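Residue strings, one per chain:
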Amino acid sequence: MAQGHGKVILFGEHGVVHGRPALALAVQDGAEVRFEARYGGPTTLHILPWDVRIDTSDVPSQDAAPLQSALKVARALYDDDLELDLHAQMNLPGGAGMGSSAALGVAVLRAMDEARGVQREDAEICERSLAWERVFHGNPSGVDNAMAAHGGVAIFRKGEPIQRIVPRNPVYLVAANSGESSSTKEMVASVARQYERDPERVGKVFDGMASIVSNGRLALEQGNLRHLGQLMQLNHGLLSSLMLSTPTLEDMIRRATEAGALGAKVTGAGGGGCMIALVEGKEHQAQVAAALRGLDKAVYEVETKA
Ligand code: PMV
């Protein structure tokens, strides 16, 4: 079974597109792909929970055109005539800023390798999966596919090997989807426009996030959850200054904080999508999750092992 991890970005989204670091955590779930190999016919991919079927034939997919393009990009990495029927199980919410497309891309590439008896390091899988991500996000920093390939907790900077972090204790978060759809591509373009208009102000915002990433690393290594929560609030303020929050996300952050979360913020592209809240442990996680479900939101309980 070939796998790819989902992720949440704890600190540094958007800054990471402009050369600053981000700190991200792989989550316990992701994509799992199994395959049957054959010769002849197109490679097919069936994503079971979404009931999506695509293939690499020339017949354009009506409802999953980007996925079909991504599958073709992956297939084109191999210069042979081995075709696969791929079956993907996704244990993550799709399109919710939890890295589902990268997790799927990494799992598909690993399955394609496995079918050919090829073994690769995580770093090489990460590099090869960037082309898959580009189909969805235009100009991705690479943080999603890096976490999908490597797993764990890490600092990522564009074009550099990841730096692994070993948190002193497991980290528990609650992620919740605002239900407001947002396009990563558009949000990244909006921030790029703001940066172009006012490089000094926006550059300072990115630098602020970079220093939150360094402090966040220390807080994780020292097991200082209170400080980690404060850093999340600070990072959220900086993201809001780039107009990446919404009234719904603000409501959710307020509700999580009232339920005792140590910190909460937008995660990922913003303008909708998901927020995350830091909690002290499993019991506290259930309380904060219940408060957010009370707002009728899809909630996902994240646990990262040390
Ligand atoms: O929406 P997500 O979880 O794919 O996160 C996007 C993160 C950005 O920093 C906004 C973009 C990127 O490519 O890093």
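This text follows the structure it describes.
Below: a short report on this structure. (Residues numbered from 1 in each chain as written. Predicted model: local features only at pLDDT ≥ 70, side-chain atom pairs only at ≥ 80, totals over all residues. Heavy atoms only, no water.)

## Comments concerning unusual backbone geometry
With a phi close to 70°, H14 is a non-glycine residue in the positive phi region. Considering the arrangement of structural elements, one finds H14 in the loop between β1 (2-11) and β2 (22-39). Of note in this structure, M243 is not a glycine but carries a positive phi near 60°. Positionally, M243 belongs in the loop between α7 (225-241) and α8 (247-258). (Helix = DSSP H or I, 4+ residues; strand = E, 2+ residues; numbered from the N terminus.)

## Examining the packing of helix α5 (residues 184-197) against helix α6 (residues 199-222)
Close contact between α5 and α6 brings their axes to 5 Å; oriented N to C, the two are set at 125°. Classed by the angle they form, the pair α5 and α6 counts as oblique. Seen from α5, the contacting residues are V191, Q194, Y195, E196 and R197; seen from α6, they are P199, R201, V202, G203 and F206. Classifying every residue of the contact of α5 with α6 by side-chain character gives five nonpolar, two polar and three charged. (Axes fitted to C-alpha atoms, helices over the stretch in contact; angles between N-to-C directions. Parallel < 35°, antiparallel > 145°, perpendicular 65-115°, else oblique. Contact = heavy atoms within 4.5 Å. Nonpolar A, V, L, I, M, F, W, Y, C, P; charged D, E, K, R; others polar.)

## Some words on the environment of E303
Structurally, the position occupied by E303 is in strand β11 (residues 298-304). With 275 residues separating them along the chain, E303 and Q28 place their C-alpha atoms 6.3 Å apart. Excluding residues that lie within four positions of it along the chain, E303 makes contacts with Q28, V171, Y172 and K282. Here the side chain of E303 touches K282 through a polar contact of 3.1 Å, side chain to side chain. (Polar contact = N/O pair within 3.5 Å; in protein donor to acceptor, adjacent residues only side chain to side chain.)

## Thoughts on the layout of surface pockets
Computed from the structure, the largest pocket encloses a volume of approximately 950 Å³. Here the lining of the largest pocket is built from residues that sort into 16 nonpolar, 23 polar and seven charged. Its volume calculated, the second largest pocket comes out at about 350 Å³. Lining the second largest pocket are 17 residues, and of these C126, E127, F156, G159 and E160 sit closest to its centre. Elements with a contribution of two residues or more to the lining of the second largest pocket: α3 (122-137) and α4 (143-150). Looking at which element gives the most residues to the lining of the second largest pocket, the answer is α3, with five residues. Grouping the constituent residues of the lining of the second largest pocket by class yields eight nonpolar, five polar and four charged. (1 Å grid on protein atoms, 1.4 Å probe; cavity = no way out; pocket = protein on both sides within 12 Å on 5 of 7 lines; lining within 4 Å. Points joined across faces, edges and corners; volume = space filled by probe spheres on them.)

## Some thoughts on the site of the ligand
Around the ligand sit 15 residues, and of these K7, H14, S141, D144 and A269 come closest. S141 places a polar side-chain atom, nitrogen or oxygen, 2.5 Å from an oxygen atom of the ligand. Summarising the interface, the protein chains cover 94% of the accessible area of the ligand, which totals 380 Å² for the free molecule. Sorting the residues of the shell around the ligand by element identifies β1, α4 and α5 as the ones contributing at least two each. Residues of the shell around the ligand, tallied by class, amount to seven nonpolar, five polar and three charged. (Near = heavy atom within 4 Å. Areas by Shrake-Rupley, 256 points an atom, 1.4 Å probe, with all protein chains shown as cover.)

## Considering the environment of A259
Among the secondary structure elements, A259 is positioned in the loop between α8 and β9 (263-267). With a relative accessible area of 22%, A259 lands in the partly exposed category. Considered as a pair, A259 and H284 are 25 residues apart in the sequence and their alpha carbons are 8.7 Å apart. (Buried < 20%, exposed > 50% of the residue type's maximum accessible area, 1.4 Å probe, protein only.)

## Section: the packing of helix α2 (residues 100-115) against α4
The interhelical angle for the contact between α2 and α4, taken along N-to-C directions, is 50°, at an axis separation of 8 Å. Considering the angle they form, α2 stands oblique to α4. When you trace α2 past α4, the crossing you get is right-handed. For the pair α2 and α4, contact is made by A102, A103, V106 and R110 and by D144, N145, A148 and A149, respectively. Class assignment for the residues of the contact of α2 with α4 results in five nonpolar, one polar and two charged. (Left-handed = near helix turned anticlockwise from the far one by under 90°.)

## Digging into the nonpolar core
Ranked by internal contacts, the top residues of the largest apolar core, which has 52 residues, are L23, L45, L104 and V108. In terms of residues, this core owes the most to one element, α2, which gives seven residues. For L23, the residues in contact, after removing those within four places along its chain, are I9, L10, F11, V153, A154, I155, I165, V213, G216, R217 and L220. Membership of the second largest hydrophobic core comes to 27 residues, among which are Y172, L249, M252 and V279. (Core = buried A, V, L, I, M, F, W, Y, C linked by side-chain atoms within 4.5 Å.)

## A word on the sheet that holds strand β10 (residues 274-279)
Judged by pairing direction, the sheet is antiparallel, and its four strands sit side by side in the order β9-β10-β8-β11 without closing on themselves. One side of each edge strand has no neighbouring strand; the edge strands of this open sheet are β9 and β11. In this sheet, adjacent strand axes meet at a mean angle of 25° when their direction is disregarded. The sheet contact formed by strand β8 (residues 171-177) and β10 spans six bridges and is antiparallel. Note that in β10 the partner of A175 across the bridge is I276. Those strands touched by α7 are β8, β9 and β10, and its axis lies near 40° from that of β9. (Pairing = 2+ DSSP bridges.)

The values reported here are purely geometric and, on their own, carry no functional implication.
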